[in-house]
Amino acid sequence: MSSAFEQIFQESFVPLDSHKRVGDYVLGRTIGEGSFSTVRLGRNVNTGEQTAIKIIPKKTALKKQSARRRFERETQALRIVHHSNIVRLLDVMETDGNYYIILELMEGENFNSYLNRKGPLEEREARVYMRQMAEIVHHMHSVGVVHRDLKPDNFILMRATIKLVDFGLSGFLKEGSTLSTQCGSPTYTAPEIFALRPYTHAVDMWSVGMILYMMLCNALPFSPEERKSHRHIYNRILRGLELPRYISPNCKDLLSQLLKLGADERLDATGLLQHTWLKT
Ligand SMILES: Nc1ncnc2c1ncn2[C@@H]1O[C@H](COP(=O)(O)OP(=O)(O)OP(=O)(O)O)[C@@H](O)[C@H]1O
Ligand SMILES: [Mg+2]
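What you are looking at is a predicted structure, and each value in this text was computed from that prediction instead of being measured.

**Some points on the domain arrangement of the protein**
So, step 1. Considered domain by domain, the protein is made up of domain 1 (3-104) and domain 2 (109-279).
So, step 2. For domain 1 and domain 2, the distance between their C-alpha centres works out to 27 Å.
So, step 3. For the side of domain 1 that touches domain 2, the residue count by class is 7 nonpolar, 3 polar and 3 charged.

**Observations regarding the site of ligand 1**
So, step 1. Neighbouring ligand 1 are 22 residues; Gly-32, Gly-34, Ala-52, Met-106 and Asp-166 lie closest to it.
So, step 2. It is strand β2 (residues 25-33) that contributes the most residues to the shell around ligand 1, 3 residues altogether.
So, step 3. Looking at the shell around ligand 1 residue by residue, the class counts come to 10 nonpolar, 7 polar and 5 charged.
So, step 4. Shared between two domains, the shell around ligand 1 holds at least three residues of each, these being domain 1 (3-104) and domain 2 (109-279).

**What about the nonpolar core?**
So, step 1. Membership of the largest hydrophobic core comes to 69 residues, with the highest contact counts inside it found for Met-133, Met-205, Leu-212 and Leu-258.
So, step 2. For this core, the element with the most residues is helix α6 (residues 202-217), which contributes 12 residues.
So, step 3. Looking at this core, you find at least three residues from each of domain 1 (3-104) and domain 2 (109-279).
So, step 4. Among all residues touching Met-205, those that are not within four sequence positions of it are Val-137, Leu-258, Arg-266, Leu-267, Asp-268, Ala-269 and Leu-272.

**Some points on the confidence of the model for the protein**
So, step 1. With 91% of its residues at a pLDDT of 70 or more, the protein has an overall mean of 91.
So, step 2. Scored below 50 in pLDDT, residues 1-12 makes 3 contacts in the model with residues more than four places away or belonging to other chains.

**Some details on the pairing of strand β6 (residues 98-104)**
So, step 1. Within β6, 5 of the 7 residues are buried, which leaves the element mostly enclosed by the surrounding structure.
So, step 2. In terms of strand pairing, strand β4 (residues 50-57) meets β6 through 7 bridges, oriented antiparallel. Residue Pro-57 lies in a different strand from β6, and its bridge partner there is Asn-98.
So, step 3. The pairing of strand β5 (residues 89-94) with β6 spans 5 bridges and is classified as antiparallel. Paired with Val-92 across the strands is Ile-101, a residue of β6.

**Regarding the packing of helix α4 (residues 123-142) against α6**
So, step 1. Relative orientation of the contacting elements α4 and α6 amounts to 165 degrees, with a least axis distance of 10 Å. The angle between the axes of α4 and α6 places the two elements in the roughly antiparallel class. The two elements α4 and α6 meet at a crossing, and its hand is right-handed. Touching Glu-123, Ala-126, Tyr-129, Met-130, Met-133 and Val-137 of α4 are Asp-204, Met-205, Val-208, Ile-211, Leu-212, Met-215 and Leu-216, all from α6.
So, step 2. In terms of residue class, the contact of α4 with α6 is built from 11 nonpolar, no polar and 2 charged.

**Some details on the pairing of strand β10 (residues 161-164)**
So, step 1. Two elements, strand β9 (residues 155-158) and β10, share 4 bridges in a ladder whose sense is antiparallel. Across the sheet, the residue bridging to Phe-155 is Leu-164, located in β10.
So, step 2. Hairpin geometry of β9 and β10 is characterised by an intervening segment of 2 residues between the two adjacent antiparallel strands and by a positive phi of about 50 degrees at Arg-159.

What counts and how
Residues numbered from 1 in each chain as written. Chains lettered and ligands numbered in written order. Predicted model: local features only at pLDDT ≥ 70, side-chain atom pairs only at ≥ 80, totals over all residues. Domains from an automatic or database assignment. Nonpolar A, V, L, I, M, F, W, Y, C, P; charged D, E, K, R; others polar. Near = placed C-beta within 6 Å. Helix = DSSP H or I, 4+ residues; strand = E, 2+ residues; numbered from the N terminus. Core = buried A, V, L, I, M, F, W, Y, C linked by C-beta atoms within 7 Å. Buried ≥ 20, exposed ≤ 12 C-beta atoms within 10 Å, placed from the backbone. Contact = placed C-beta atoms within 7 Å. pLDDT = per-residue confidence, 0-100. Pairing = 2+ DSSP bridges. Axes fitted to C-alpha atoms, helices over the stretch in contact; angles between N-to-C directions. Parallel < 35°, antiparallel > 145°, perpendicular 65-115°, else oblique. Left-handed = near helix turned anticlockwise from the far one by under 90°.

Printed below as a string of structure tokens:
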């Protein structure tokens, strides 16, 4: 006979189609969707542990190789990074049709949804998340991982803690090397990527600047017209981004150091951790 705990657990976990089982995991409802994957609840039949299962179909509109590359990048990066604000990798699986990435379940709200609901945030609240973001990028960069897709959608907020997910576009940097693949989400993408120049960790710092802008303004500095093409976004960046007057001088200083056009002049993760606005 099953214990009371198991009975409660079984009630809260409703498998969508009871036959749908992948390895030791039964698939439950969909908890997230991205352009390349569906994330579903999973339950380990041996341990009862609840997990998130990221399912990447091999055959999408995109090339098969692209799905494979995303799967490989994501799992490789998650094996390197170990941080309390970064999702933990539990297992990987593959069938003829899909790749499966078994992840620690983050029971919270997508940070983008939160910002749409609650933004713009006061500087005091934004600072709490920026401190964590600074710790996250500092750790990733110290182990040679460049995320390349930092944006609110790829964070989950659990009470006052943010957790980073989605390493499908991450790159790996050895000391002194550079990357060149053009990728990312255009409104959070650094100018050197638009310009097709070789780039480094500094691209993540630009995205962090954009996320801070988004937290404080509840909008990005692009008009709907400018969002229509990469070229328009890039031209807008080159003309210089204006910072709203209500942002404090200290925070403006941080934003302007993160949103520097020149990657070499941009604040790095160590500089970000030490910036006075974060310490206020
Ligand atoms: N471990 C997790 N626990 C809970 N929810 C998650 C987890 N991982 C991802 N999600 C949710 O699922 C959504 C999609 O996941 P993810 O961003 O990894 O997919 P993707 O297809 O690579 O996305 P993108 O469109 O950004 O390329 C996330 O935005 C997040 O809300
Ligand atoms: Mg994503």
